[in-house]
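Now for the letters of each chain:
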Protein chains: 4
Amino acid sequence: MREIEVITTGGTIEKTYDEVSQELRNAISIVDRMLRRLKLPDSHVHVRALFSKDSRDLTDDDRTKILRAVRSAAEMTSSIVLLHGTDTLADTGDLLSKEIGASGPRVVLTGAMRPFEMKRSDALQNLTEALLASTLLVPGVYCVMHGKCLAFPGVRKDPALGTFVLDPPA
Amino acid sequence: MREIEVITTGGTIEKTYDEVSQELRNAISIVDRMLRRLKLPDSHVHVRALFSKDSRDLTDDDRTKILRAVRSAAEMTSSIVLLHGTDTLADTGDLLSKEIGASGPRVVLTGAMRPFEMKRSDALQNLTEALLASTLLVPGVYCVMHGKCLAFPGVRKDPALGTFVLDPPA
Amino acid sequence: MREIEVITTGGTIEKTYDEVSQELRNAISIVDRMLRRLKLPDSHVHVRALFSKDSRDLTDDDRTKILRAVRSAAEMTSSIVLLHGTDTLADTGDLLSKEIGASGPRVVLTGAMRPFEMKRSDALQNLTEALLASTLLVPGVYCVMHGKCLAFPGVRKDPALGTFVLDPPA
Amino acid sequence: MREIEVITTGGTIEKTYDEVSQELRNAISIVDRMLRRLKLPDSHVHVRALFSKDSRDLTDDDRTKILRAVRSAAEMTSSIVLLHGTDTLADTGDLLSKEIGASGPRVVLTGAMRPFEMKRSDALQNLTEALLASTLLVPGVYCVMHGKCLAFPGVRKDPALGTFVLDPPA
């Protein structure tokens, strides 16, 4: 049985539609609803909903909470998936990469360009890839989505392409 | 740019509904329709529709065609995904594992328990996992679906569980 | 509050996929699952699952049961929807039209060309139309689907067009 | 062949997600995409995309354009469907009801509480109901959605219930 810890912080992937305000927003975690759409008979996925925030609103304090949650999860498993808004995902990845030693767990950051609640969303694809990658990769911190596994540091969002890419070498 | 060769042979994953006969059957390849649902900006996926068959109807001749197609694909890329019916997927995996050397490509067999054309199908999850695994695993022949990568030989379908498992050691 | 009685008999609309036999078949009623997809805040829909059969297998006895169920429903409401396989839907419609007086309820027969469980099914469209028509039409027996309300007698399935049409006048 | 004129003005039903601004907004008409999901073999649906606006932003000038478009459509068919944001749908319905005589066409206003682009949207249900009602009702101006046909004047949105209701009699 594979043990995987999913830590969720919100982000576009988990935005839901509020019929009263008529807006998309981060209100609750819906990762359980996503997981019910996947068939994972030999995986035990444990979800920890840390908070529900647009990643543009994350504070230093929030990132400290994430780091602490990752360290706590690493005591139980070496497969950790972190759901995160894409706007500042790279900042959190850089921090985790600096703080978590290379002998530590596999920490996979993922998110989505379109909310799971929308048709033709990339959310389920990215979660599927992140879960699998968290059991396959060598220890380290990664951004996994859109068919790619990119290792931190050196990853950034390319808003024009709508995906993550490797920084060009200096 | 990742180069991935997808060879499709039919199976449950590609069964479509015929409104006249009112049955599900293998008529045409629909893997292109599945691929359009995925966001793969840095992958170049080339599809080769070999044939469209229920895998219970595969002949020795069909398996020879599959072996030849895999060898031909291996000249172009080391990432090969084979869509295959689940009933005899293990037979084809065993054959490929015997014939393809360990220094060869990554050959990933996948399929589905429910056709892609049905709601709540595992088809897209399995294709997503197979594509990613074909770029990550060490050379060899694998069955990838339901969050697991199992190496041939020694893989079999467990009809009661509705998934693939490793043979118990002799 | 609109009171609507839905009587279901099976048919393509309710066929589900059996992963073991790898076939579509009528096993259980799934009309409750369909109804959960609709927003009907001022309607009270009561479901009566009569039996689950491919309509090619209906016997005279089955049609007697349907007639009795329609009469029983008519004691409670004038809005009755009957889910029925399309192959012999016209036979049942003709029978009901002969037996149920014009001063009786609105009986709306509907079904689908593709099972609800398949993507791009016409099931939900047809159920939506049948429910609305059952509250709007003058008393009588109708086939409602694909944007049309056709009155019995004189309705038949056109297999080539994949829909129902009016018999040409004699 | 049923001739139906669909006039669209935007509203929640047609909101799409902008991956750059990360918001839902009215940018283009997507009613053609909705119509492709419906099976309407004997209907000829003609779409006129008037403008794409959140109905809270409609001006008197916009309502004059709507009235003119309805009158123009009425010269071609008596079945007219108007897609409209729900926030001010009742205002437009009251205006049309006053200006269009009872001997005129059937004008059916509809919209949605969740955008069509979201999962579990009521958009397709409401469009299905509006199209059918536009061929069944007696001449007049109506709000059709959620299984109900309500005649103007005297219709208002109930934000708490998330649907339209009849005004209580004075």
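It should be noted that the structure appears before, not after, this text.
The notes below deal with the structure included here.

What counts and how
Residues numbered from 1 in each chain as written. Chains lettered and ligands numbered in written order. Predicted model: local features only at pLDDT ≥ 70, side-chain atom pairs only at ≥ 80, totals over all residues. Heavy atoms only, no water. Phe/Tyr/Trp six-rings, centres within 6.5 Å; stacked < 30°, edge-to-face > 60°. Lys NZ or Arg CZ within 6 Å of the ring centre and 35° of its normal. Buried < 20%, exposed > 50% of the residue type's maximum accessible area, 1.4 Å probe, protein only. Helix = DSSP H or I, 4+ residues; strand = E, 2+ residues; numbered from the N terminus. Pairing = 2+ DSSP bridges. Axes fitted to C-alpha atoms, helices over the stretch in contact; angles between N-to-C directions. Parallel < 35°, antiparallel > 145°, perpendicular 65-115°, else oblique. Left-handed = near helix turned anticlockwise from the far one by under 90°. Contact = heavy atoms within 4.5 Å. Nonpolar A, V, L, I, M, F, W, Y, C, P; charged D, E, K, R; others polar. Least-squares fit on C-alpha atoms with pLDDT ≥ 70 in both.

### Describing the packing of aromatic side chains
A full pass over the atoms with the stated rule returns zero aromatic pairs over all chains. We note Lys119 of chain A situated over the ring of Phe116 of chain D; from NZ or CZ to the ring centre the distance is 3.6 Å.

### Some points on the pairing of strand 1 (residues 2-10) of chain B
Residues and elements named next belong to chain B. Of all the nine residues making up strand 1, seven are buried; the element is thus mostly covered by neighbouring parts of the structure. Note: strand 1 against strand 4 (residues 43-53), eight bridges, orientation parallel. In the sheet register, Val6 faces strand 4, and the bridge partner there is Val47.

### Concerning the packing of helix 2 (residues 60-74) of chain A against helix 3 (residues 89-99) of chain A
Residues and elements named next belong to chain A. For the pair helix 2 and helix 3, interaxial distance at closest approach is 11 Å and the crossing angle is 50°. Between helix 2 and helix 3, the crossing angle belongs to the class labelled oblique. Here the hand of the crossing between helix 2 and helix 3 comes out right-handed. Counting all contacts with helix 2, which are made through Arg63, Ile66, Leu67, Val70 and Arg71, the residues of helix 3 involved are Asp91, Thr92, Leu95, Leu96 and Glu99. Its residues placed into classes, the contact of helix 2 with helix 3 shows five nonpolar, one polar and four charged.

### A short note on the relation of the copies chain A and chain B
Once chain A has been moved 0.0 Å along the axis and rotated by 180°, it coincides with chain B to within an RMSD of 0.0 Å. Within this description, the copies of the chain are treated as partners about a two-fold rotation axis. Residue Glu129 of chain A of chain A places its C-alpha closer to the rotation axis than any other residue of that unit, at 3.1 Å. Mapped onto chain B, 100% of the interface residues of chain A again fall at the interface, so both copies present the same surface.

### Considerations on the sheet that holds strand 7 (residues 140-145) of chain D
Residues and elements named next belong to chain D. Read from one edge of the open sheet, six strands run 4-1-5-6-7-8, paired in mixed fashion. Only two strands of the sheet have a single partner each, and these edge strands are strand 4 (43-53) and strand 8 (148-151). Pairs of neighbouring strands in the sheet enclose a mean axial angle of 25°, with direction left out of account. For strand 1 (residues 2-10) and strand 5 (residues 79-83), the ladder comprises four bridges, and the chain directions are parallel. Within strand 5, the position partnered with Val6 by the bridge is Val81. Contacts from helix 3 (residues 89-99) reach strand 5, strand 6 (106-110) and strand 7 within the one sheet, and its direction differs from that of strand 6 by about 170°.

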